[in-house]
Protein chains: 2
Amino acid sequence: MTLLTDDVRAAITAGRLAHLTTLEPDGSPQVSLVWVGIEDDELVVGHLASGRKIRNLEADPRVAVSIETDRTNPMGLQEYLVIRGTARITPGGAPELLQRLAEVYLGPGVTFPPMDAPPPGNVIRITPTRVGGVGPWAG
Amino acid sequence: MTLLTDDVRAAITAGRLAHLTTLEPDGSPQVSLVWVGIEDDELVVGHLASGRKIRNLEADPRVAVSIETDRTNPMGLQEYLVIRGTARITPGGAPELLQRLAEVYLGPGVTFPPMDAPPPGNVIRITPTRVGGVGPWAG
């Protein structure tokens, strides 16, 4: 059974930034904010460079992804999603994914990345193992 | 020298939720979204119950805090703050802190927590060791 119910998919693909936490070599948390999409029941994040996040994930694939929503619960508190999961990295495809997500995050017709020959980069693919937070998806 | 420059303080206290990452006993990242304030060069978070976050911090005080802003950079990307630091826990004071932060997050005149005799709880106090992200505070 997929953890990506319709409510969860809607929150992931609403164009809000995803806070992606990886683990540094010393075990401390490292966070960056990224565009996120869904492909085949995995969360996907495009990365043009092979930076710290990629190196961290190669050493330890455990991640957390948190995403705010524009909804509030009956107590007036903002709802949000926290997804824990395991990441794998596939080479190439980052410019194409970023172009697709730019239409969501920046607006229709935008060209991104704004360069002539972007490097192929990597795609981070996250299999959710647990979904929580505040909202209809909360345990 | 404090890492909490005027720009950083303004982003922390603007009423945006803070994504607080702690480390589980197995080292994996655990995230919850919290209200945050500043007291004496520390970030402060009020916690009524002594839940998983408190237990995690007692075992490993390393945290990351990420906060979105309403600003965009010249490339059109949303600016955000990532603070890494070390947390300590002080008993009591959570209802008073939450009441102060409710005026920022929910609006003036709101009563929070909405109960007659809230437990004293704990305050999580985070000393920043590094500030980054996308914005004027980026390295």
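None of the values given here were measured: they were computed from a predicted structure.

Draft legend 1. Structural view of the interface of chain A and chain B. Facing the 33 residues of chain A at the interface are 33 residues of chain B. Buried area between chain A and chain B, both sides added, is near 2,600 Å², and the carbon and sulfur share of it is 57%. By the criterion of area lost to chain B, the three top residues of chain A are Pro29, Glu68 and Arg84 of chain A, representing 20% of everything that side buries. Counting across the interface, chain A meets chain B through six salt bridges. The partner of Arg62 of chain B in a salt bridge is Asp26 of chain A, with the nearest N and O atoms 3.8 Å apart. For the pair chain A and chain B, the number of links is 15 residue pairs in polar contact (both at pLDDT 80 or more). Only strand 1 (18–23), strand 2 (29–34), strand 5 (62–72) and strand 6 (78–91) of chain A provide two or more residues apiece to the side of chain A that touches chain B. Ranked by residues supplied to the side of chain A that touches chain B, first place goes to strand 5 of chain A with six residues. Partitioning the side of chain A that touches chain B into residue classes produces 16 nonpolar, nine polar and eight charged.

Draft legend 2. Local environment of unusual backbone geometry. Residue and element names in this part refer to chain A. A cis amide bond links Phe112 with the next residue in sequence, Pro113, at an omega value of 0 degrees. For Pro113, the position within the fold is in the loop between helix 3 (94–105) and strand 7 (122–134). The residue Asp40 is not glycine, and still its phi comes out positive at about 55 degrees. Its location among the elements puts Asp40 in the loop between strand 3 (37–39) and strand 4 (42–47).

Draft legend 3. Quick look at the relation of the copies chain A and chain B. Taken as rigid bodies, chain A and chain B are interconverted by a rotation of 180 degrees and an axial shift of 0.0 Å, the fit giving an RMSD of 0.0 Å. Read as a symmetry element, the transformation amounts to a two-fold axis. Most of the interface of chain A is mirrored in chain B, where 100% of its interface residues are also at the interface.

Draft legend 4. Spotlight on helix 3 (residues 94–105) of chain B. All names here are of chain B. Between its first and last C-alpha atoms helix 3 spans 15 Å; for twelve residues at 1.5 Å apiece the expected length is 16 Å, and the two agree. Those residues of helix 3 that sit buried are Ala94, Pro95, Leu97, Leu98, Leu101, Ala102 and Tyr105. The arc enclosing the buried residues of helix 3, seen along the axis, measures out at 155 degrees, which places them on a common side. Considering only its buried residues, helix 3 is in contact with helix 1 (6–12), strand 2 (29–34), strand 3 (37–39), strand 4 (42–47) and strand 7 (122–134). The positive-phi residue at the C-terminal boundary of helix 3 is Gly107, with phi of around 135 degrees.

Draft legend 5. Structural view of the side chain of Thr69 of chain A. Residue and element names in this part refer to chain A. With respect to the secondary-structure elements, Thr69 resides in strand 5. Within the structure, the side chain of Thr69 is placed 3.0 Å from the backbone oxygen of Glu79, a separation counted as a polar contact. Not counting residues up to four positions away in its chain, the partners in contact with Thr69 are Ala11, Arg16, Gln78, Glu79, Tyr80 and Trp137.

Draft legend 6. How the structure looks around the pattern of salt bridges. On inspection of all chains with the given rule, the structure shows 24 salt bridges over all chains. The salt bridge partner of Glu68 of chain A is Arg16 of chain B, with a shortest N-O separation of 3.9 Å. Here Glu68 of chain A is found in strand 5, whereas its partner Arg16 of chain B is found in the loop between helix 1 and strand 1 (18–23) on a different chain. Arg16 of chain B matches Glu68 of chain A in its accessibility class, with the two residues each being buried. We note a salt bridge from Glu24 of chain B to Arg52 of chain B, for which the minimum N-O separation is 3.6 Å. Of this pair, Glu24 of chain B sits in the loop between strand 1 and strand 2 while Arg52 of chain B sits in helix 2 (residues 52–59); the two residues are 28 residues apart in sequence, bridging distant segments of the chain.

Draft legend 7. Just the pairing of strand 1 of chain A, in detail. All names here are of chain A. In terms of burial, strand 1 is a largely internal element, six of the six residues being buried. Side-chain alternation along strand 1 places Ala18, Leu20 and Thr22 on one buried face and His19, Thr21 and Leu23 on a second face that is also buried. Across six bridges, the pairing between strand 1 and strand 2 is antiparallel. Residue pairing across strands places Leu20 opposite Ser32, the latter belonging to strand 2. The antiparallel pairing of strand 1 with strand 2 creates a hairpin that spans five residues between the two strands, and Gly27 there sits at a positive phi of about 90 degrees. Pairing of strand 1 with strand 5, which is carried by three bridges, proceeds in the antiparallel orientation. Looking at strand 5, one finds that His19 is bridged to Ser66.

Definitions and cut-offs
- Residues numbered from 1 in each chain as written.
- Chains lettered and ligands numbered in written order.
- Predicted model: local features only at pLDDT ≥ 70, side-chain atom pairs only at ≥ 80, totals over all residues.
- Heavy atoms only, no water.
- Contact = heavy atoms within 4.5 Å.
- Buried area = accessible area lost by both parts, 1.4 Å probe.
- Salt bridge = Lys/Arg side-chain N within 4 Å of Asp/Glu carboxyl O.
- Polar contact = N/O pair within 3.5 Å; in protein donor to acceptor, adjacent residues only side chain to side chain.
- Helix = DSSP H or I, 4+ residues; strand = E, 2+ residues; numbered from the N terminus.
- Nonpolar A, V, L, I, M, F, W, Y, C, P; charged D, E, K, R; others polar.
- Least-squares fit on C-alpha atoms with pLDDT ≥ 70 in both.
- Expected span 1.5 Å × (residues − 1).
- Buried < 20%, exposed > 50% of the residue type's maximum accessible area, 1.4 Å probe, protein only.
- Arc of directions from axis to C-beta.
- Pairing = 2+ DSSP bridges.

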